[in-house]
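Each chain is listed here by its residues.
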Amino acid sequence: MTNENEIVKKAKYCLNCSTKPCSSGCPLGNDTAGFIALAKEQKYEEAYKLLCKTTVLPALCGKICPHSKQCQGSCVRRFKGEPVEIGEIEAYIGKLAIENNWSINDEPITKSNKKVAIIGGGPAGLTCAAFLAIHGINVTIYEKHNYLGGLLVHGIPDFRLDKNLVNKTIEKIIKLGIEVKLNQELGKNISLKNLKENYDAIYLSFGANIHGNMNIDGENLDGVVGGNEYLEQNITLPLSGKIAIVSGGGNVAMDVSRTLKRQGAEKVYVVYRRSENEMPAERKEIEDAKFEGVDFLFQHNIVQINGKDKVESIELIKTNLVQKECDSRLSPVNIEGSNYTILADYVFMAIGSNAEKSLTSSLGLELNKYGNIIINENCETSDPKVFAGGDLSTFKKTGTVAWAARSGREASEHILNYLGI
Ligand SMILES: Cc1cc2nc3c(=O)[nH]c(=O)nc-3n(C[C@H](O)[C@H](O)[C@H](O)COP(=O)(O)OP(=O)(O)OC[C@H]3O[C@@H](n4cnc5c(N)ncnc54)[C@H](O)[C@@H]3O)c2cc1C
Ligand code: SF4
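Residues numbered from 1 in each chain as written. Chains lettered and ligands numbered in written order. Predicted model: local features only at pLDDT ≥ 70, side-chain atom pairs only at ≥ 80, totals over all residues. Heavy atoms only, no water.

A. Up close: a nonpolar patch on the surface. Nonpolar side chains collect at one region of the surface, where Leu15, Val76 and Phe79 lie side by side and expose about 310 Å² of accessible area between them. Looking at the secondary structure, you find Phe79 in the loop between helix H5 (58-64) and helix H6 (86-99). (Patch = residues over 30% accessible without salt bridge, like charges linked within 9 Å, V, L, I, M, F, W, Y side chains within 5 Å. Areas by Shrake-Rupley, 256 points an atom, 1.4 Å probe, with all protein chains shown as cover. Salt bridge = Lys/Arg side-chain N within 4 Å of Asp/Glu carboxyl O. Helix = DSSP H or I, 4+ residues; strand = E, 2+ residues; numbered from the N terminus.)

B. Representation of the site of ligand 2 in the model. Cys26, Pro27, Leu28, Asn30, Thr32, Cys61, Cys65, His67, Gln70, Cys71, Ile86 and Glu90 make up every residue found near ligand 2. When atoms are counted within 2 Å of each cavity's grid points, the one that captures over half of ligand 2 is the second largest cavity. (Near = heavy atom within 4 Å. 1 Å grid on protein atoms, 1.4 Å probe; cavity = no way out; pocket = protein on both sides within 12 Å on 5 of 7 lines; lining within 4 Å. Sits in = over half its atoms within 2 Å of the grid points.)

C. Structural view of the site of ligand 1. Inspection of the region around ligand 1 gives 37 residues, with Ile64, Glu143, Arg160, Asp391 and Val401 positioned closest. Within the backbone of Ile64, a nitrogen or oxygen atom sits 2.7 Å from a nitrogen atom of ligand 1. Leu151 is positioned such that a nitrogen or oxygen atom in its backbone is 3.0 Å from an oxygen atom of ligand 1. Bound to the protein, ligand 1 loses 96% of the 1000 Å² it would expose on its own. Of all the secondary-structure elements, those providing two or more residues to the shell around ligand 1 are helix H7 (123-134), helix H8 (151-154), helix H11 (227-232), helix H12 (251-262) and helix H15 (401-418). No other element matches the three residues that H12 contributes to the shell around ligand 1. Along the lines of polarity and charge, the residues of the shell around ligand 1 split into 15 nonpolar, 16 polar and six charged. (Polar contact = N/O pair within 3.5 Å; in protein donor to acceptor, adjacent residues only side chain to side chain. Nonpolar A, V, L, I, M, F, W, Y, C, P; charged D, E, K, R; others polar.)

D. Main features of helix H3 (residues 32-40). Among the nine residues that make up H3, seven are buried, leaving the element largely enclosed by the rest of the structure. What H3 keeps buried is the set Thr32, Ala33, Gly34, Phe35, Ile36, Leu38 and Ala39. Of the surrounding elements, those touching the buried residues of H3 are helix H1 (4-12), helix H2 (21-25), helix H4 (44-51) and H6. Backbone geometry just downstream of H3 places Gln42 in the positive-phi region, at approximately 60 degrees. (Buried < 20%, exposed > 50% of the residue type's maximum accessible area, 1.4 Å probe, protein only. Contact = heavy atoms within 4.5 Å.)

As structure tokens, then:
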């Protein structure tokens, strides 16, 4: 962890410019220039209190937000050099808050008699719960696992995010007076109908962690594994001496490939259809994966997976990148006749994730074609008593912790409005 002198130096590098584009770049709209100005003067507790107006996850977001695409990507300093290291400063303040037991909220809470059930205790659910509890609502989180945190725990691997920090952050949130019911799974031992009878409003935030498919031959063979499920279920495979292929170019692909290397796979190839520059994963994650010995096959598509009962090889085809009118990004086009085959023992799918369709379609709510729950600008589903957010929903943007947290915070405001508070 960066020491205090370095943090003050990093904070002083901030120009405190008048337009504050970093704040607009942050999904949560954190007052970045404001908390950095306080950090410059070493007023860390005040900086933390300012952060708490918009977020309850500063220690975590500071660590794992894709900064170059969010706050730091909008920093004015970036045009003539390096951006202010906003994430580092935020993480430092968040860690101090944990070490010093600073509370999220100092205002007296006026308790109401309203009850809200939150389904899923990931970033969206935890944030919604926190902002509702601060406003006196009786909140209960129902979580299918025997722990809270969602992908903060079972997605992002330990080597990128310290789980002690996650647990301490969650403890702080729960201390706001939130009730937690673990091992409670919507669609199994709890039903939406029952929740609706017992609560004044429901917030659905059970995530979207089912891997996407490529729809190619061989996808059903033994040895084809969903990247999301591999991490969530902590699946252990005999990897020693094996060749693993990871299909995809985002953070999930990077986390899966690095985990595979660490678990002893002989060779790990990431197959990505565009070039390295177009990869959605953070640059640092790509560099770290390379450093750990992961190989990349850029501008390649997997055509099919071969094998009798289990994966034995994959057929690849090279791609050219062309500019299409309908797409701002370069599009991959297969180069005819460039096919070749390489040996493989496993293929991991990391090409996007969706909500669990069997669950979402059983709820009687309006869904989009991917099975995600449609919400309006008030975070309401097609059922007026049921709100939704985070990765499972059609919120403005999804796929990062800060966006999930933003959707949770916004939903809390609309739920309060709905409850007349
Ligand atoms: C491998 C990986 C790496 C990532 N890396 C980053 C990163 O570096 N930075 C970043 O910003 N984002 C990253 N993301 C994305 C980020 O983690 C998600 O966008 C975010 O966690 C979504 O929050 P959520 O609350 O919507 O869902 P989740 O975090 O998935 O939480 C949903 C919760 O609901 C619970 N649940 C599921 N089904 C049920 C049910 N039926 N009943 C009750 N509870 C249920 C789950 O157990 C979980 O606790 C990563 C994602 C993955 C998969
Ligand atoms: S929440 Fe993430 S994007 Fe927002 S200021 Fe913090 S590190 Fe940047």
